[in-house]
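Observations on the model geometry
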Amino acid sequence: MDFRSLCSFESFRSSWSRYGYEGDLQAEVERQNLYGNPHSHHPSSRLTQDTVDRVRFRVLQHFNAPPDEYSVIFTSGCTAALRLVAESFPWRPAAEGEAGSVFGHLTDSHTSVVGIRGPACARGAVALPVSPQEVEGRARRPAGGEGAAAGRTPHLFSYPAQSNFSGRKYPLGFVRGIQARRLYPACDHAGRWLVLLDAACLVGCSPLDLRDCPADFVPISFHKMFGFPTGLGALLVRNDAAAMLTKSYFGGGSAAAYLSGEDYYVPAASVSDRFEDGTVSFLDVIAVNHGFEALHRITGTRTTLITE
């Protein structure tokens, strides 16, 4: 067969008889799952919403994160998850008698983490780069006793569970140490310290148990875990920390109610709906479940939530 004939539609049809579902599209629709926009109200929409919710639970299950303590916010990747925290965190400028928020980050951090200092400093916070040696080397008991959190100023410390640059793994115990203000820089600044654990690199090769290290924010990218799908990540967030986050924009299903003629807006009740503007990439979310199934087949283990 010459090249022109090989490239013809007739040649394609002869080698792939399933094209066009053999003329019976309705039978194909009834035989397969049909996923619709989860913000609509019809059977295919409910199927999508139920399936996405099951995947959320599967993500929490994999990281041993209790669903009553953590929520999963799907994003376009780890960088988008970091930006969400940067733009929604309640940064507080210095006021009379009280210091402002501090954004501390390990010097061995991803570019997207260091970029948080832009929104933070624009709203009055102070950026504080910290070397790995300083975290424990400058640790001391905070004034007022161990773990004392005098004042209500919110601070954020971010560090990578595993460095994207060097591959070095940092102690997961830093999470509780910073939260309790036993480690630097938290021991030098009164207030509430929250921890952003950049786990994108770690979870591709190592387990992460959020019962052992209850970080407040954990951004991940699924392609670094499974190789697919690209363009999909998530922010695992503690529900009490999520209650501190504020956002000015709302879109898609993130609004429970609003008025177009007045400044009236009610955010969605669930943490996930509140921060997922527009329709999530639900086919990619569904593909994540296949990734966890493949991981289970390879490792022979399945993480299950511990119930008390």
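For the structure, check the block above.
Residues numbered from 1 in each chain as written. Predicted model: local features only at pLDDT ≥ 70, side-chain atom pairs only at ≥ 80, totals over all residues. Heavy atoms only, no water.

A few words on the overall build of the chain. Secondary structure assignment for the chain yields 13 helices and 9 strands. Per-residue burial for the chain yields a buried fraction of 44% across its 308 residues. Summarising the internal contacts of the chain: among those between residues at least 6 apart in sequence, 67% fall at separations of at least 24. As displayed, the chain offers around 16100 Å² of accessible surface, 53% of which is attributable to carbon and sulfur atoms. (Helix = DSSP H or I, 4+ residues; strand = E, 2+ residues; numbered from the N terminus. Buried < 20%, exposed > 50% of the residue type's maximum accessible area, 1.4 Å probe, protein only. Contact = heavy atoms within 4.5 Å. Areas by Shrake-Rupley, 256 points an atom, 1.4 Å probe, with all protein chains shown as cover.)

What follows deals with helix α13 (residues 282–299). In an α-helix there are 3.6 residues to a turn, and that puts residues three or four apart on one side. Compared with an ideal rise of 1.5 Å per residue, which puts 18 residues at 26 Å, α13 spans 26 Å between its outermost C-alpha atoms and is within 8% of the ideal. Buried-residue contacts for α13 involve α4 (43–62), β1 (70–75) and α10 (223–226). Looking at the residues trailing α13, positive phi occurs at Gly300, about 75°. (Expected span 1.5 Å × (residues − 1).)

Next up on the list: the pairing of strand β5 (residues 192–198). Strand residues, when the strand is regular, have side chains that alternate between the two faces of the sheet. Of all the 7 residues making up β5, 6 are buried; the element is thus mostly covered by neighbouring parts of the structure. Sheet topology note: the strand β4 (residues 154–160)/β5 ladder contains 7 bridges and is parallel. Directly across from Pro160, in β5, lies its bridge partner Asp198. As a crossover connection, the stretch from β4 through helix α9 (residues 174–179) into β5 is right-handed. (Pairing = 2+ DSSP bridges. Right-handed = clockwise from strand over helix to strand, strands pointing away.)

Pairing of strand β8 (residues 255–259) with strand β9 (residues 264–267) involves 4 bridges; the strand directions are antiparallel. Residue pairing across strands places Leu259 opposite Tyr264, the latter belonging to β9. In this structure, the hairpin formed by β8 and β9 is closed by a connection of 4 residues.

The N-to-C vectors of α4 and α13 enclose an angle of 40°; their axes lie 9 Å apart at closest approach. Judged by the angle between their axes, α4 and α13 are oblique. Considering how the two elements wind past one another, α4 and α13 form a crossing that is left-handed. Mapping the contact onto sequence places Thr48, Thr51, Val52, Val55, Arg58, Val59 and His62 in α4 and Phe282, Val285, Ile286, Val288, Asn289, Phe292, Glu293 and Leu295 in α13. Of the residues contributing to the contact of α4 with α13, the split by class is 9 nonpolar, 4 polar and 2 charged. (Axes fitted to C-alpha atoms, helices over the stretch in contact; angles between N-to-C directions. Parallel < 35°, antiparallel > 145°, perpendicular 65-115°, else oblique. Left-handed = near helix turned anticlockwise from the far one by under 90°. Nonpolar A, V, L, I, M, F, W, Y, C, P; charged D, E, K, R; others polar.)

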